Each structure stands twice: as structure tokens, then as C-alpha cells.
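# Breakdown of the fold
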Amino acid sequence: MEPLLIEASFPHLANDMTIAKAQIESSGQLPTIDGLSREVVLDMTMTYVLYLMLDKRNAQASQVVDYLVYGDDADKMPLLYSSWLWLVRMCLFIEEGQYSIALSCAESALMFLTEYTSKRGEDFLALVASILYNLALTHQRTGDNSRASKELTHAQKLFERLTKKNEHRFSAMLLYSVQASTLIIQSRSKQMSVLEHYQQEASLYMSQLSGGDENETRQAMNMLIDTLKKEGDIMLEMGDGRNAVRYYTKALRYQKKLNDAMGLREIKLSIGLAKALMRLNNRRAAAEQLLTSLLPLARRLGASSEVIEIENLLAGKTRNNKIMSLLKGIF
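Now for a description of the structure that goes with this document. (Residues numbered from 1 in each chain as written. Predicted model: local features only at pLDDT ≥ 70, side-chain atom pairs only at ≥ 80, totals over all residues. Heavy atoms only, no water.)

### Let's talk about the packing of helix H9 (residues 214–237) against helix H11 (residues 264–278)
Two elements in contact, H9 and H11, have axes whose closest approach is 10 Å; the angle formed by their N-to-C orientations is 25 degrees. Between H9 and H11, the interaxial angle falls into the category roughly parallel. Two packed elements cross with a definite hand, and for H9 against H11 that hand is left-handed. Packed against H9, whose contacting residues are Asn222, Ile225, Asp226, Lys229 and Leu236, the element H11 presents Arg265, Leu269, Gly272, Lys275 and Ala276 at the interface. When the residues that make up the contact of H9 with H11 are grouped by side-chain class, the tally is four nonpolar, two polar and four charged. (Axes fitted to C-alpha atoms, helices over the stretch in contact; angles between N-to-C directions. Helix = DSSP H or I, 4+ residues; strand = E, 2+ residues; numbered from the N terminus. Parallel < 35°, antiparallel > 145°, perpendicular 65-115°, else oblique. Left-handed = near helix turned anticlockwise from the far one by under 90°. Contact = heavy atoms within 4.5 Å. Nonpolar A, V, L, I, M, F, W, Y, C, P; charged D, E, K, R; others polar.)

Shown next as C-alpha cells:
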């Protein structure tokens, strides 16, 4: 998926920034603000943030955004301004690969929109569509194609609606969302092909579990466990939590035959199982309990990547639920 075009969601400002925009583009800096009203300074700063984002000066953009969203006057900003600034932060964190924090930013951006009363306006809908697109991008990059597909469908419908009213502003994002939909469909087709390959491999390794010597049996079982995990991973990406649970559980059962102790391989398989359980409404509590029990073991083994993943999953569970609730409130 292509990164979001942040200019498409930039809200209309209260003041004419034509001169300020020209000054910013000419100097690359924020113009002198001495003697200007707070409202004009805010609009100039918003314009400057947009310039920095388009100029790929991410570090500076991040500093200015943080100054605005955490400043003393943050609660006095128009709601759409605040939402857009949190969307900018989301874009920056997605680019850095910090997807858990990006989801937190999406939650903040949506919270401001829930308070906004004119829910049919162009700027409002542009922000909702852009947040949905970024959510789809985040989930696609973290392997949750099922969730990404649903979010992208909603984003595309909104961009279609917006393009009919303002083609110049939204046509590029509509094209991006259509391309992304095609990409996810192609990805699903490829996943089905790879899954079929792994299923054939699994059948082969299953047939090798009996009849050979002990070393050959252990080797076949190791290969079978890896294959079952890959099958579970694909099912998870496709949104089939129930079958993913089946594959991960089977892999763990064979792994226990090889090794009774809990090691790094068992942790990785258990994390996959927890992810799958999270997709099932009646098993989410079990998923959280499993992750909580895995965390101290992962720390004890020094599995830093797995510790971060577990912590992000525990935090992301709540975040995704909140985001879904906020979106339901908006629609």
C-alpha cells in the first residue's frame, strides 16, 4: 500500500494563508509571528506542518506537531485541527514502523472527531477516510489483511463519495485505495496458493513420522511443526482465526513431544496461538491470559523481540477495540 497523501485530509483554515504559504515555501521556515493573533499563528503553524510533511522533513514536523498537541493551548484548537495533527503523528509513526503507537494516534484522532457535530462536511469525511486508510495500512503491514480489507473498503467508499464533490482534492487517494484493494485481493490469492503448498508438505511430513529411525522421525516432526506454524500464520493473515488456532495448537502438541520445557520456539508458537484466539469473540480473554503468562518467560529467556510483540499485543487488543467503538460512534 502507498503511504497516505496527508494533504488530502488537511482541513480548511479559518484564515487566508496564501501569503504565509508563499513565504514558507520560499524560505523553508515559519514566518515571523510577532504581533499576530493566536488564531492566525495557529493557521500559519498548521500550514508549516503541512509544508514540512510534503518536504519530507519528518523530524521537524514531529517537533512542531508535538508542540501543538501537547501545548498549553491544545484544548483551544478546533477539533478538526487536532484530529489532523494526530493523523500526522500516525503517519510519522507508520513510516518509522512503530505500529502500536500509530494505532494510539488513530484513537486520539478519532476521539476529536466524535466530538465534532457536522459529520457530513468535506473536511470531517476526509479525516475519517484518511484515518481508515492509515489503519488499513497499519494492519496490512502487521499481517492482519482481514482487518485491513474491511477498513480499506470503508475508506474507499468515502473517497469515492468525496471525489464526486471535489475531484482535484481526493482523486489521488481514491486511486491509492483502489490499488490497495487490488493488492490485498492478489495477496489473498497468493496466500491460498502458498497454503496449498504447505498442506502438501504437511501431509508428506506426517507420513514420515512412522517407519524411520528416531533421528529421521525427529527431523520430520521438526519440519512438520514449522509447516504447521506457517499454515497458522497464513490463516491468521487471511482472518481465519478458527483454523489458525487449529494449526498452532497442532504445532504445539507436536513440539511438546520433542521438548517438554518451554523455550523460544514454544513462545513463538504460543504467541501465534494467542493472536488467533484474539480473532474469536469468545476466546479473547483466553488470549490475554496466555500472553500475560508468556511475558515473564520471554523476559527470563532474554527474548526481547517476543517481549515487545507480547506487550504490543496486550496494548493493541484494547486499542483496536476502542478504535472500533469510536468508528461505530462516528458512523
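Further notes follow.
### Looking at the packing of H9 against helix H10 (residues 241–258)
Viewed as axis vectors pointing N to C, H9 and H10 meet at an angle of 160 degrees, and their least axial separation amounts to 8 Å. In terms of orientation, H9 lies roughly antiparallel with respect to H10. In the packing of H9 onto H10, the handedness of the crossing is left-handed. Between H9, through Arg218, Met221, Asn222, Leu224, Ile225, Leu228, Lys229, Glu231, Gly232, Asp233, Met235 and Leu236, and H10, the contact on the second element is made entirely by Asn243, Ala244, Tyr247, Tyr248, Lys250, Ala251, Tyr254, Gln255, Lys257 and Leu258. Considering only residue class, the contact of H9 with H10 consists of 12 nonpolar, four polar and six charged.

### Some thoughts on unusual backbone geometry
The phi dihedral of Lys56 falls on the positive side, at around 60 degrees, and the residue is not glycine. Considering the arrangement of structural elements, one finds Lys56 in the loop between helix H2 (38–54) and helix H3 (58–69).

### Quick look at the nonpolar core
With 66 residues, the main nonpolar core has Ile6, Trp84, Leu113 and Phe159 as its most contacted residues. Taken together, the elements giving at least two residues each to this core come down to H2, H3, helix H4 (79–96), helix H5 (99–114), helix H6 (122–141), helix H7 (145–165), helix H8 (167–207) and helix H13 (304–330). In this structure Phe159 touches Ala129, Ser130, Tyr133, Phe170, Met173, Leu174 and Ser177, once residues within four positions along its chain are discounted. Judged by nonpolar contacts, the second largest core, of 42 residues, contains Ala251, Leu269, Leu273 and Leu313. (Core = buried A, V, L, I, M, F, W, Y, C linked by side-chain atoms within 4.5 Å. Buried < 20%, exposed > 50% of the residue type's maximum accessible area, 1.4 Å probe, protein only.)

### Topic: the layout of surface pockets
Considered as a void within the structure, the largest pocket measures approximately 1,400 Å³ in volume. Along the walls of the largest pocket sit 44 residues, with His139, Asp144, Arg147, Arg279 and Asn320 positioned nearest its centre. Taken together, the residues that form the lining of the largest pocket break down as 13 nonpolar, 15 polar and 16 charged. What the second largest pocket holds in volume is close to 420 Å³. Along its surface, the second largest pocket is lined by 14 residues, and Glu7, Phe10, Lys21, Thr47 and Leu50 are the ones closest to its centre. (1 Å grid on protein atoms, 1.4 Å probe; cavity = no way out; pocket = protein on both sides within 12 Å on 5 of 7 lines; lining within 4 Å. Points joined across faces, edges and corners; volume = space filled by probe spheres on them.)

### Section: the side chain of Arg57
With respect to the helices, strands and loops of the structure, Arg57 is situated in the loop between H2 and H3. At 3.1 Å, the side chain of Arg57 and the backbone oxygen of Gly28 are in polar contact. With sequence-adjacent residues up to four places away left out, Arg57 is seen in contact with Gly28, Gln29, Tyr48, Tyr51 and Leu52. (Polar contact = N/O pair within 3.5 Å; in protein donor to acceptor, adjacent residues only side chain to side chain.)

### Let's talk about H3
An ideal rise of 1.5 Å per residue puts 16 Å on 12 residues; H3 measures up with 16 Å between its terminal C-alpha atoms. Taken residue by residue, H3 has Asn58, Ala61, Val64, Val65, Leu68 and Val69 as its buried positions. Buried residues in H3, looked at end-on, bunch into an arc of 125 degrees, giving them a common side. The outward face of H3, more than 90 degrees from its buried face, is lined by the exposed residues Ala59, Gln63 and Tyr67. Check the buried side of H3 and you find it contacts H2 and H4. (Expected span 1.5 Å × (residues − 1). Arc of directions from axis to C-beta.)

### Regarding the pattern of salt bridges
Summed over all chains, the structure comprises 13 salt bridges. Among the ionic pairs, Lys275 bridges to Glu309, the shortest N-O distance being 2.6 Å. Of this pair, Lys275 sits in helix H11 while Glu309 sits in helix H13; the two residues are 34 residues apart in sequence, bridging distant segments of the chain. A salt bridge links Glu311 to Arg299; the nearest nitrogen and oxygen atoms lie 2.9 Å apart. Of this pair, Glu311 sits in helix H13 while Arg299 is found in helix H12 (residues 284–300), placing the two residues 12 residues apart along the sequence. Among the charged side chains, a network of salt bridges with common partners joins Glu122, Asp123 and Arg169. (Salt bridge = Lys/Arg side-chain N within 4 Å of Asp/Glu carboxyl O.)

### Quick notes on the packing of aromatic side chains
For the structure on display, the rule yields four aromatic pairs. Note on Phe10 and Trp84: the rings are 4.8 Å apart at their centroids and 75 degrees apart in plane angle, and the pair reads as edge-to-face. Taken together, the residues span a long stretch of sequence, with Phe10 in the segment before helix H1 (18–27) and Trp84 in helix H4 at a distance of 74 residues. For the pair shown, Phe10 and Trp84 are each scored as buried. (Phe/Tyr/Trp six-rings, centres within 6.5 Å; stacked < 30°, edge-to-face > 60°.)

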